[in-house]
Amino acid sequence: MKNILILEDEPLIAMDLQHAFEDAGAQVQVATNCDRAFEMLNSTTFDGAVLDVNLGKGHTCKPVAIELRDRGIPFLLHTGDLDRVGEFLRELEAPIVPKPSASTLVVDRLCAICESRAA
Amino acid sequence: MARLRVLNVVIRDTKIEVTEDMHGKSPASPDSSDQAHRGTGAKFQAEEDSFSGSSGLLFEQAMAQTRMAVCLTDPHREDNPIVFSNKAFERLTGYREDEIIGQNCRFLQGAKTDPAQVAKMREAIRSEDVVILELLNYRKDGSTFWNALHLGPIYDDAGELLYFFGSQWDVSDIHLARAEERHAKAMAREVSHRLKNVFSVIGGIVNITGRAMNAHEVAGRINDRVQALGRAYEPTLDDASLGTIEAGQAIRAVLAPYDPENDRIRFNGQSVRTEPNAISVVGLTLHELATNASKYGALSTPSGTIDIAWQHETDRHGRQSLVIEWKEQGGPAIDGEPDQTGTGFDIAETLLSYSNGALERHWEEDGLRAAISLPIH
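Since this is a predicted model, take the numbers as computed values, not measurements.

Overview of the layout of surface pockets
Argument step 1. Size it by volume and the largest pocket reaches roughly 1200 Å³.
Argument step 2. In this structure, the largest pocket is lined by 49 residues; those nearest its centre are Tyr258(B), Thr291(B), Asn292(B), Ser294(B) and Lys295(B).
Argument step 3. Going through the elements one at a time, helix H5 (103-118) of chain A together with helix H7 (216-239), helix H9 (279-295), strand E13 (320-329), helix H10 (343-354) and strand E15 (367-376) of chain B are the ones with two or more residues in the lining of the largest pocket.
Argument step 4. A per-element tally of the lining of the largest pocket places H7(B) first, with nine residues.
Argument step 5. Its residues assigned to classes, the lining of the largest pocket shows 16 nonpolar, 20 polar and 13 charged.

The following block contains the structure:
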């Protein structure tokens, strides 16, 4: 797990996650909206991603999630609103880590997903 | 009121049948009473009345007095006009009888009436079916009401369609209550979502600050406790209006992160509602037990399990307590009580003691057994 994309509109949560992934030896890029995430996806090959579901003003991570699925990049959804994620989940079958969770737990879960994919 | 020839109305199954009595006398012919007895539904058969002497008059009096708005329409006339309406219909709609008679029922519809409901109504009339539906209607003054409409055909003795019967009931109160409930749920969800985000942000601040001050480990421990507390309060929001919360939901929420595969912790609890203020202490104590289990106990091995049971207990003084029992199995073998059990348990025991509660721990050979008891006031 080398390159990690974090899509999160709350800077403090993003920074905390970034630290936790860096502690685990990963390189992290943070996007606060889908447009930025797509720019990063076009310039970097990511090994995994953490996506906040609600990105403010009614925007969600859906377009990025679909792109990641199509590229076969493992990701998890990190959200406090499990109800709103509902339909989305059924479509993508993406794992969820509910907010609030320790940032180290998010790292552990994404590592586990990446490893199970590799195996 | 419009005079009608309708005298005997018998509801049979869901069809409404009417027999006519042109003479205004007792309809108690053997034939019609037999019909009434075969009916499975209510019997609306007007009978000889010693006061009025006329079942027709009785019908009119009943129609005048009932609080249910009733009308009849005549499908044999152009545009199926209303040929009869009662006082309640006037009160409900604000129209006078002379403004009602001759109108098609659609005169109560308006801009916000759901066309789908109107279509159902039209289909029921076309197929001579009984239909019950709710639609938004408009009064004479332009105000609206939710109308629970019951519509059905009325047949004569020969089975020929005579009228359509419509009863209207104002169910605006029910609609308002439903709307308020939906609104309250949406609000609770929004608050819940924001609260979770706040706890997440607090976690970020604690970790970032701890890192900047070279106290990463301390920050991590603070955070674990803050997050456990946040999870413990999550279910309280959905239930906030009830004043008490479901203990099991809070227990499950606190422990969820320690069992990501959902196969290590078994929950055995009755439906126990408890005071919201019990939750912070219970949440933190369970967090300490789970942390301990992850480091040294049943969750530190690949197959250890924890059984948790909870219930309300009443002691001999009639005082109620929430009691949570915790039993670990399949962890490393235990050789008596450890020398040190950590500051986390000290915190939990102190918090519990404030409420005359207690945390008992027994270091049994096959795993820790613990009991949290907390008096409920």
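Overview of the interface of chain A and chain B
Argument step 1. Listed as interface residues are 18 residues of chain A and, on the opposing side, 21 residues of chain B.
Argument step 2. Counting each side, the surface lost to burial between chain A and chain B is near 1700 Å², with a carbon and sulfur contribution of 56%.
Argument step 3. On the surface where chain A and chain B come into contact, there are one salt bridge.
Argument step 4. Here Arg211(B) makes a salt bridge to Asp23(A), at a shortest N to O gap of 3.0 Å.
Argument step 5. Those elements that place two or more of their residues in the side of chain A that touches chain B are helix H1 (11-23), helix H4 (82-92) and H5 of chain A.
Argument step 6. Element by element, the count of residues in the side of chain A that touches chain B is highest for H1(A), at six residues.
Argument step 7. Partitioned by chemical class, the residues of the side of chain A that touches chain B number six nonpolar, four polar and eight charged.

Thoughts on the packing of helix H8 (residues 247-255) of chain B against H9(B)
All names here are of chain B.
Argument step 1. Two elements in contact, H8 and H9, have axes separated by 9 Å at closest approach and are oriented at 40°. Taken together, the axis directions place H8 and H9 in an arrangement best described as oblique. In this structure, H8 meets H9 at a crossing whose hand is right-handed. Mapping the contact onto sequence places Ala250, Ile251, Val254 and Leu255 in H8 and Ile279, Gly283, Leu286, His287 and Ala290 in H9.

Quick look at the packing of aromatic side chains
Where two aromatic rings form a pair, the distance of their centres and the angle of their planes describe that pair.
All names here are of chain B.
Argument step 1. Scanning the model with the defined rule gives two aromatic pairs over all chains in all.
Argument step 2. Ring centres 4.9 Å apart and planes at 50° place the aromatic pair Tyr95 and Phe107 in the tilted group. Of this pair, Tyr95 sits in the loop between helix H3 (87-93) and helix H4 (97-100) while Phe107 is found in the loop between H4 and helix H5 (115-126), placing the two residues twelve residues apart along the sequence.
Argument step 3. Pairing Phe267 with Trp310 gives two aromatic rings, centres 6.4 Å apart and planes at 65°, and the pair type is edge-to-face. A residue pair is termed long-range when its members are at least 10 positions apart, and Phe267 in strand E10 (residues 265-269) and Trp310 in strand E12 (residues 305-314) qualify at 43 residues.
Argument step 4. Under the relative-accessibility criterion, Trp310 is labelled buried at 3%.
Argument step 5. Over the aromatic face of Phe345 sits the side chain of Arg361, whose NZ or CZ is 4.2 Å from the ring centroid.

Rules of the game
Residues numbered from 1 in each chain as written. Chains lettered and ligands numbered in written order. Predicted model: local features only at pLDDT ≥ 70, side-chain atom pairs only at ≥ 80, totals over all residues. Heavy atoms only, no water. 1 Å grid on protein atoms, 1.4 Å probe; cavity = no way out; pocket = protein on both sides within 12 Å on 5 of 7 lines; lining within 4 Å. Points joined across faces, edges and corners; volume = space filled by probe spheres on them. Helix = DSSP H or I, 4+ residues; strand = E, 2+ residues; numbered from the N terminus. Nonpolar A, V, L, I, M, F, W, Y, C, P; charged D, E, K, R; others polar. Contact = heavy atoms within 4.5 Å. Buried area = accessible area lost by both parts, 1.4 Å probe. Salt bridge = Lys/Arg side-chain N within 4 Å of Asp/Glu carboxyl O. Axes fitted to C-alpha atoms, helices over the stretch in contact; angles between N-to-C directions. Parallel < 35°, antiparallel > 145°, perpendicular 65-115°, else oblique. Left-handed = near helix turned anticlockwise from the far one by under 90°. Phe/Tyr/Trp six-rings, centres within 6.5 Å; stacked < 30°, edge-to-face > 60°. Buried < 20%, exposed > 50% of the residue type's maximum accessible area, 1.4 Å probe, protein only. Lys NZ or Arg CZ within 6 Å of the ring centre and 35° of its normal.

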